[in-house]
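Read off the chains here:
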Amino acid sequence: MSRIGVFFAEGYEEIEALTVVDLARRAGIEVRMISVEEKEEAKGSHGICVRMDERLSESDFSKLDMLVLPGGKKGTEGLESCGALMERLDAFYEAGKPVAAICAAPSIFGHRGYLKGRRATSYPSFEDQLAGAQVTHAPAETDDNVITGRGMGCSIPFGLAVVEYLLGKEEAERIAESVVYTG
């Protein structure tokens, strides 16, 4: 069974994070919601609190198949300022394992040099931070082991790209049909 970690910092964009969690779980992917602030709950950018599965210090990255970073300006800043997460993210990327980010969070990939020569998308006001990328305006982009999403309105295509990467196009199409997504 595939297993992903979705990382939460205060101010995360609720729909971006929870759509990935929901779609992945529907597909049978084990999802761990992980607090980088070592809290039992994470408060989103619109005041919605979500109970975490674990804290970053408890996470066994060797058991994760993909790392997912939701956006939200403040949430993205919280993720990027977490040195322990950035070390793990770099190790994952350098090992060729998949990493995914949506909205403001692809800027982290740009700052870390992951996007050079790749197609990538992000929230419009963060496109200038996608260093070296061929910036597209697609809802979601998968380029080798890097998945990026444009924003909250693109959360379903982004979540389906995560499912497709791990379980294939047929499973992503099955999940899309099951939630009546016609995009």
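It should be emphasised that the depicted structure is a prediction, and the values quoted were computed from it without experimental measurement. (Residues numbered from 1 in each chain as written. Predicted model: local features only at pLDDT ≥ 70, side-chain atom pairs only at ≥ 80, totals over all residues. Heavy atoms only, no water.)

Caption draft 1: Quick look at the nonpolar core. By size, the foremost hydrophobic cluster in this structure holds 30 residues, and its most contacted members are Ile-4, Val-6, Phe-8 and Val-68. Mapped onto this core, the elements with two or more residues apiece are β1 (3–8), α1 (14–26), β2 (30–35), β6 (66–69), β7 (99–102), α5 (155–167) and α6 (169–178). Here Val-6 is in contact with Ala-17, Val-20, Val-21, Val-31, Arg-32, Met-33, Ile-34, Val-68 and Pro-70, once residues within four sequence places are set aside. (Core = buried A, V, L, I, M, F, W, Y, C linked by side-chain atoms within 4.5 Å. Buried < 20%, exposed > 50% of the residue type's maximum accessible area, 1.4 Å probe, protein only. Helix = DSSP H or I, 4+ residues; strand = E, 2+ residues; numbered from the N terminus. Contact = heavy atoms within 4.5 Å.)

Caption draft 2: Region of interest: unusual backbone geometry. Backbone geometry at Cys-103 places phi at a positive 70°, although glycine is not the residue there. Here Cys-103 shows up in the loop between β7 and α4 (106–111). Even without glycine at this site, Val-180 takes up a positive phi of about 60°. When you line up the elements, Val-180 lands in the segment after α6. Judged by relative accessible area, Val-180 falls into the exposed class, the value being 68%.

Caption draft 3: Representation of the packing of α1 against α5 within the structure. Axis separation between α1 and α5 bottoms out at 9 Å; the angle between their running directions is 40°. The angle between the axes of α1 and α5 places the two elements in the oblique class. In the packing of α1 onto α5, the handedness of the crossing is right-handed. Residue-level contacts link Ile-15, Glu-16, Thr-19, Val-20, Leu-23 and Ala-24 of α1 to Ser-155, Ile-156, Phe-158, Gly-159, Leu-160 and Val-163 of α5. A class-by-class count of the residues in the contact of α1 with α5 yields eight nonpolar, three polar and one charged. (Axes fitted to C-alpha atoms, helices over the stretch in contact; angles between N-to-C directions. Parallel < 35°, antiparallel > 145°, perpendicular 65-115°, else oblique. Left-handed = near helix turned anticlockwise from the far one by under 90°. Nonpolar A, V, L, I, M, F, W, Y, C, P; charged D, E, K, R; others polar.)

Caption draft 4: Representation of the packing of aromatic side chains within the structure. Evaluated as defined, the whole model comprises four aromatic pairs. Ring geometry for Phe-7 and Phe-61: centres 5.8 Å apart, planes at 15°, overall stacked. Here Phe-7 is found in strand β1, whereas its partner Phe-61 is found in the loop between β5 (54–55) and β6, with 54 residues between them in sequence. Since its relative accessible area comes to 0%, Phe-7 is described here as buried. In this structure Phe-61 comes out as buried when scored by relative accessible area, which is 7%. With a centroid separation of 4.8 Å and an interplanar angle of 75°, the aromatic rings of Phe-8 and Tyr-12 are classed as edge-to-face. We classify Tyr-12 as buried; its relative accessible area is 1%. Members of the aromatic cluster, connected to one another through ring pairs, are Tyr-93, Phe-109 and Tyr-114. The ring of Phe-92 has Lys-97 lying over it, and the distance from NZ or CZ to the ring centre is 4.9 Å. (Phe/Tyr/Trp six-rings, centres within 6.5 Å; stacked < 30°, edge-to-face > 60°. Lys NZ or Arg CZ within 6 Å of the ring centre and 35° of its normal.)

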